[in-house]
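Architecture and fold: a report
What follows is each chain in one-letter form.
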Amino acid sequence: MKLCMVGVRGHNNYVLSGLPLTEVSVAGVCTAAAEDDPQLLLSKCRDLGHEPEVWDHPAEMLDAVRPDLLSIAGPFHRHAEICVEAFRRGIHVFCEKPVALTLEGLEEVAEARQAAGVHFAAMMGLRYDPAFHTAWRQVREGAVGEICLLNTQKSYRLGRRAPFYHDRSIYGGTIPWVGSHAFDWIRWYTGKAFRSVYATHSAARNRDHGELEVSAVCHLTLEDEVFASVSIDYLRPAEAPSHGDDRVRIAGTEGVIEVLGGEVILTRAGGDGDERLPVHCDRQIFPDFAAAAAGEVQPLLGPEDAIEMTRACLLARESADGGRIVRFP
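On a predicted model such as this, the values are computed, not experimentally measured, just so you know.

What follows is about the sheet that holds strand β6 (residues 120-122). If you trace the six strands from one edge of the open sheet to the other, you get β3-β2-β1-β4-β5-β6, paired in parallel fashion. The open sheet has two edge strands with one neighbour each: β3 (53-55) and β6. Sheet twist, expressed as the mean angle between neighbouring strand axes with direction ignored, is 20°. Judged from the three bridges that link them, strand β5 (residues 92-95) and β6 form a sheet pairing that is parallel. Bridge assignment links Phe-94 to a residue of β6, and that residue is Ala-121.

Right under this line is the structure:
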């Protein structure tokens, strides 16, 4: 299968690290932003044995190359537009999150994808992280019983962010960018639909990063009186041992399971205290996407996951902007 790649602002590493495990060839690359340089992406593709042509405009590239697959990694504010262009041409899309920055754009993506009937996945790579994947398998097997409460954390170093992060109209906001993983975890682990969200966020003390929010908290009510929280920040010290600190705690009727520091800790009702479980995942996100596009596997991520995760993020951002509870449709 032929792949084209658009953008250099997101997680292209998912594609590049997975390519050697596939029979996919990279035929074209495009930044979709005049200020972005394609040379680093082009060099990485060549290092893997691919010789893609460089294009200035995504639509021209898609018409000329006619790829089977398209990966999109920014600019974030053009995700929805480029997804729709690909769907209209019958191309399977692997898109950085969030897949749209507005609810109107998201509906256009959903409608175009439905009409095309192609595979669509967001770059939610933490579903394939060994610890988070192991916890998901345990939850599916009933380790904590019926889920009642779920708490998530996404904490990152701020560092010095590129200029596009300073402008909300281009960046989209920290709840959709950083929080997307947490909203996906909530839906993935619980299997429950979102009912309402109340969120707050702030750009105060963001070290001269314009409109970039550096802290946010979201409280969610799901169906069947299941509750969840999302804590998001760019406040992790530069001296911390890792860039990110991702955590999940799931409390159910039969126990509690936590993902913390790459470990999975299970405490069962009637058990002998904390169990540290071996972690494992034998799948990778891009090979999974390519195989699903070819009809060979049932993927861990599908079109509905991309759409509903993005909808949750955008409604949470709306809640934080308006200081009110927002109901899900």
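Read on for the rest.
On the basis of which strands lie adjacent, the open sheet formed by nine strands has the order β14-β13-β12-β11-β7-β10-β9-β8-β15 and mixed pairing. The sheet is open, and its two edges are formed by β14 (274-277) and β15 (326-327), each paired on a single side. Pairing of strand β8 (residues 194-202) with β15 involves two bridges; the strand directions are antiparallel. What sits directly across from Val-197, in β15, is Val-326. Packed on one face of the sheet, helix α9 (residues 180-190) meets β7 (147-157), β8, β9 (215-222), β10 (226-236), β11 (244-252) and β12 (255-260) and runs near 155° to β7.

What follows covers the environment of Pro-287. Structurally, Pro-287 can be placed in helix α10 (residues 285-293). By relative accessible area, which is 18% here, Pro-287 ends up buried. As a C-alpha pair, Pro-287 and Glu-23 span 264 residues in sequence and 9.3 Å in three-dimensional space. Residues in contact with Pro-287, not counting those within four places in the same chain, are Gly-18, Leu-21 and Thr-22.

Within strand β1 (residues 2-6), four of the five residues are buried, which leaves it mostly tucked inside the rest of the structure. Pairing of β1 with strand β2 (residues 25-30) involves five bridges; the strand directions are parallel. Across the sheet, residue Met-5 finds its bridge partner in β2, namely Val-29. Read as a crossover between parallel neighbours, the route from β1 over helix α1 (residues 12-18) to β2 is right-handed. Judged from the four bridges that link them, β1 and strand β4 (residues 69-72) form a sheet pairing that is parallel. For Leu-3, the partnering residue across the bridge sits in β4 and is Leu-69.

A word on the pattern of salt bridges. Overall, the coordinates contain 23 salt bridges when judged by the stated rule. A salt bridge links Arg-247 to Asp-245; its shortest N-O distance comes to 2.9 Å. A relative accessible area of 35% means that Arg-247 is categorised as partly exposed. The partner of Glu-275 in a salt bridge is Arg-268, and the shortest N-O contact between them spans 2.6 Å. In the salt-bridge network here, residues are joined through shared partners; they are Arg-127, Asp-184, Arg-187, Glu-304 and Asp-305.

Rules of the game
- Residues numbered from 1 in each chain as written.
- Predicted model: local features only at pLDDT ≥ 70, side-chain atom pairs only at ≥ 80, totals over all residues.
- Heavy atoms only, no water.
- Pairing = 2+ DSSP bridges.
- Helix = DSSP H or I, 4+ residues; strand = E, 2+ residues; numbered from the N terminus.
- Axes fitted to C-alpha atoms, helices over the stretch in contact; angles between N-to-C directions.
- Contact = heavy atoms within 4.5 Å.
- Buried < 20%, exposed > 50% of the residue type's maximum accessible area, 1.4 Å probe, protein only.
- Right-handed = clockwise from strand over helix to strand, strands pointing away.
- Salt bridge = Lys/Arg side-chain N within 4 Å of Asp/Glu carboxyl O.

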